[in-house]
Amino acid sequence: MKTFVYADYDQLSRAAATLVTDTVRSNPHALLCIATGDTPAGMMNYLTEDVRSGVVDFSKVSFVSLDEWVGLNQQDEGSCRHFFYQHLVYPLNLNAEQVAFFDGRADDAEHECARIDQYITGKGGIELMIVGIGMNGHIGMNEPGLAVANSSHIVNLDEVTITVGQKYFREKTPLRRGITLGIGQILESKKAILMASGRKKAEIVARAATGPVTTQVPASFLQQHHDAYMLLDADAASSLDYTIA
Ligand code: F6R
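Let me begin by describing the structure that accompanies this report.

What counts as what
Residues numbered from 1 in each chain as written. Predicted model: local features only at pLDDT ≥ 70, side-chain atom pairs only at ≥ 80, totals over all residues. Heavy atoms only, no water. Core = buried A, V, L, I, M, F, W, Y, C linked by side-chain atoms within 4.5 Å. Buried < 20%, exposed > 50% of the residue type's maximum accessible area, 1.4 Å probe, protein only. Helix = DSSP H or I, 4+ residues; strand = E, 2+ residues; numbered from the N terminus. Contact = heavy atoms within 4.5 Å. Near = heavy atom within 4 Å. Polar contact = N/O pair within 3.5 Å; in protein donor to acceptor, adjacent residues only side chain to side chain. Areas by Shrake-Rupley, 256 points an atom, 1.4 Å probe, with all protein chains shown as cover. 1 Å grid on protein atoms, 1.4 Å probe; cavity = no way out; pocket = protein on both sides within 12 Å on 5 of 7 lines; lining within 4 Å. Sits in = over half its atoms within 2 Å of the grid points. Nonpolar A, V, L, I, M, F, W, Y, C, P; charged D, E, K, R; others polar.

Quick look at the nonpolar core
Generally speaking, soluble globular proteins have nonpolar side chains that are buried together.
Right, so step 1: Within the largest apolar cluster, 43 residues are counted, with the highest numbers of intra-cluster contacts made by Val20, Leu32, Met43, Phe58, Phe63 and Phe84.
Right, so step 2: Among the elements of the structure, α1 (9-26), β2 (31-34), α2 (38-52), α3 (80-89), β6 (128-131), β9 (191-196) and β10 (228-233) are those that each provide at least two residues to this core.
Right, so step 3: If we ignore the near neighbours within four places in the chain, the residues touching leucine 32 are Val20, Thr23, Val24, Phe58, Val61, Ser62, Phe63, Val64 and Leu128.
Right, so step 4: In this structure, Ala100, Ile186, Ala209 and Leu240 belong to the second largest nonpolar core, which totals 40 residues.

Structure, rendered in structure tokens:
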């Protein structure tokens, strides 16, 4: 896994957006999978700027979701889908057909997992995957200590995820389970980028980048990806040896 460190969050966001636009320019039909949350928000703003200024055309791209809180859907502020629509689908004017997102309110969660897995297979796999990293080392909602999954699945959320996840909600929200792509699917993507920002992520980033590959730090499995990159701001890289890109 190669690591690139940028001076600050803005430069990190710009660099990640450029990677996405380069991917789409070389494959306009690419299937992309992009995490939601604080970390990719700046990148999403740059993607919107790039589309509006004509640098890139997203009209043929498809998106698949990475994860969702079980019990929540687009109408729920704080859901992954709500975030994704507010930050990408509406600003980029994407069609509903371009986006396949987990329905966290689906009656049949197993069927929902199968639907998303089939969507990915039908599109020939994920071209570019952009993940964040949780304070506990999760990627998607692949939580510490769980067996590596090769398909979409339901997980019981880790206490850290439940506590930290409150930041996405105005009011205290009970979070218990998540629906997520498996680590195996993340490893199968053609290219994977992990983005991290802020000093609070420095320790877990260092464990993911240079520690042993272990289910205790799910993001460490990216070390086994054939084309994976860590894009960090200087604060997130502060427990690593680095030079600014
Ligand atoms: C969200 C997701 C999560 C986040 C992670 C970091 O779709 O997949 O794994 O990427 O929890 O969240 P932020 O960026 O809010 O610190």
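A short note on the site of the ligand
Right, so step 1: Neighbouring the ligand are 15 residues, the closest being Thr39, Asp67, His138, Gly140 and Tyr168.
Right, so step 2: Contacts to the ligand include aspartate 38, whose backbone N or O atom sits 2.9 Å from an oxygen atom.
Right, so step 3: In this structure, histidine 138 approaches the ligand through a side-chain N or O atom, which is 2.7 Å from an oxygen atom.
Right, so step 4: Taking 410 Å² as the accessible area of the ligand by itself, protein coverage stands at 92%.
Right, so step 5: In this structure, the ligand is accommodated by the largest pocket.
Right, so step 6: For the shell around the ligand, the class distribution of residues is 4 nonpolar, 7 polar and 4 charged.

Concerning the environment of leucine 232
Right, so step 1: Of note, leucine 232 is situated in strand β10.
Right, so step 2: Here leucine 232 falls in the buried class, since its relative accessible area comes to 0%.
Right, so step 3: Counting along the chain gives 37 residues from leucine 232 to methionine 195, while the straight-line C-alpha distance between them is 5.8 Å.
Right, so step 4: If near-sequence neighbours (up to four positions away) are discounted, leucine 232 is found in contact with Thr3, Phe4, Val5, Tyr6, Leu12, Ala196, Val205, Ala237 and Leu240.

By themselves, these figures tell us nothing about what the structure is for.
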